Amino acid sequence: MASQNNINFTLNGIAQNVGCRADTTVLEWLRTDKRLTGTKEGCAEGDCGACTILLSKQEDSGFSAVNSCILSMGQIAGCDVLTVEGLKSETYHPLQVAMAENGSSQCGFCTPGIVMSLAGLLAATSDPSEEQIHDALAGNLCRCTGYKPIVEAALKITKGGLVALPKTTSSMAGLDEVLDSHGTQFYRPKTLSHLFERRAANPSAILLGGGTDLGVALAEHESEWPEVIWTGAVQELRQVTESKDNWTFGAAVTWQEMLTKIGDAYPSLSTLIRRFGSTQIRNMGTIGGNIGTASPIGDGP
Ligand code: FES
Ligand code: FES
């Protein structure tokens, strides 16, 4: 089976061809290797949002906010990555201006993550409600400013409608199923039968969904992933099918994708899912991973 040795993706619109361990966290690579230190590390376990970046996995999917502290480099192959450094073009992004003018930042440590979360919301939602702004910020902690001026800054910007982000080019279609990168084997089977074959051949490999649980140990340098089988490229597991009476969600569908799909059709289920983690976590965490990891604090089970 064909394999690749480097990890290809775009960062702030520029193509990258990176040789590093596939289990390096994206945050560590950004800050240590790339010296892009606008993205901060706070908790390193997916709770505070200081490390928020935007990720586009498919050309037509647009950007979504994710926590880079618990995201592995293997998972961003083929994707577009946008950090706070890429948000600004010739001038500051309107959100950055609004945050500054509205006194929405004091020490500033949380600010890049907050701006990225709001940019993700405003790129996808024209005229979001205050409730949607609160939802978008539920995974971003601010210790000193308080949320009122932050929400006010976001509301000011939303009056202008959608805020454009760079065009995405991401596609996982061209990726080989094996990423053999600096001592780590990151397998990304594209079909269910290939997943089963890979599992039979590599029974001790880590089976990875979104990584919102396994990624915590990685971020805290408590584990290494020499062999990973990632479910995120398995077509059958990414499918959502709809019949007259049912929706069926594949195990690699994220909680946010499920939430978007069910919309207002099941208000009580939507309300419940919105309480799972945060927008960033729901954009990463998968339904099957949440069950498979068997965490006693897993929301799905
Ligand atoms: Fe806190 Fe990533 S550093 S969520
Ligand atoms: Fe200091 Fe938010 S401005 S943590």
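Before reading further, recall that the structure is shown in the block above.
Here's what I pulled together on the structure shown here.

Thresholds, definitions, all that
- Residues numbered from 1 in each chain as written.
- Chains lettered and ligands numbered in written order.
- Predicted model: local features only at pLDDT ≥ 70, side-chain atom pairs only at ≥ 80, totals over all residues.
- Heavy atoms only, no water.
- Pairing = 2+ DSSP bridges.
- Helix = DSSP H or I, 4+ residues; strand = E, 2+ residues; numbered from the N terminus.
- Axes fitted to C-alpha atoms, helices over the stretch in contact; angles between N-to-C directions.
- Contact = heavy atoms within 4.5 Å.
- Phe/Tyr/Trp six-rings, centres within 6.5 Å; stacked < 30°, edge-to-face > 60°.
- Buried < 20%, exposed > 50% of the residue type's maximum accessible area, 1.4 Å probe, protein only.
- Lys NZ or Arg CZ within 6 Å of the ring centre and 35° of its normal.

## Description of the sheet that holds strand β2 (residues 7-11)
Then step 1. Strand order in the open sheet formed by 5 strands is β3-β2-β6-β4-β5, with mixed pairing between adjacent strands. Edge positions in the sheet fall to β3 (14-18) and β5 (64-67), since each of these pairs with one other strand and no more. Taken pair by pair, the neighbouring strands of this sheet meet at an average axis angle of 35°, ignoring direction.
Then step 2. Relative to β5, strand β4 (residues 52-56) runs antiparallel, the two sharing 4 bridges. Among the inter-strand pairings, T52 is bridged to a residue of β5, identified as N67.
Then step 3. Strands β2, β3 and β4 of the sheet are contacted by helix α1 (residues 26-33), whose axis makes an angle of about 70° with β2.
Then step 4. Helix α4 (residues 111-124) contacts β4, β5 and β6 (80-82) of the sheet and is inclined by roughly 30° relative to β4.

## Observations regarding the packing of aromatic side chains
Then step 1. What the rule picks out here adds up to 5 aromatic pairs.
Then step 2. With 6.2 Å between their ring centres and 75° between their planes, W247 and Y266 make a pair best called edge-to-face. Of this pair, W247 sits in strand β12 (residues 247-249) while Y266 is found in the loop between α9 (255-262) and α10 (267-273), placing the two residues 19 residues apart along the sequence.
Then step 3. A ring pair is formed by W255 and F276, whose centres lie 4.8 Å apart and whose planes are at 70°; its orientation type is edge-to-face. Residue W255 is located in helix α9, and its partner F276 is located in the loop between α10 and α11 (279-284); the two are separated by 21 residues in the primary sequence. For the pair shown, W255 and F276 are each scored as buried.
Then step 4. Grouped by ring-pair contacts, the aromatic residues W247, F249 and Y266 constitute a single cluster.
Then step 5. Lying over the aromatic face of Y92, K88 brings its terminal NZ or CZ to 5.2 Å of the ring centre.

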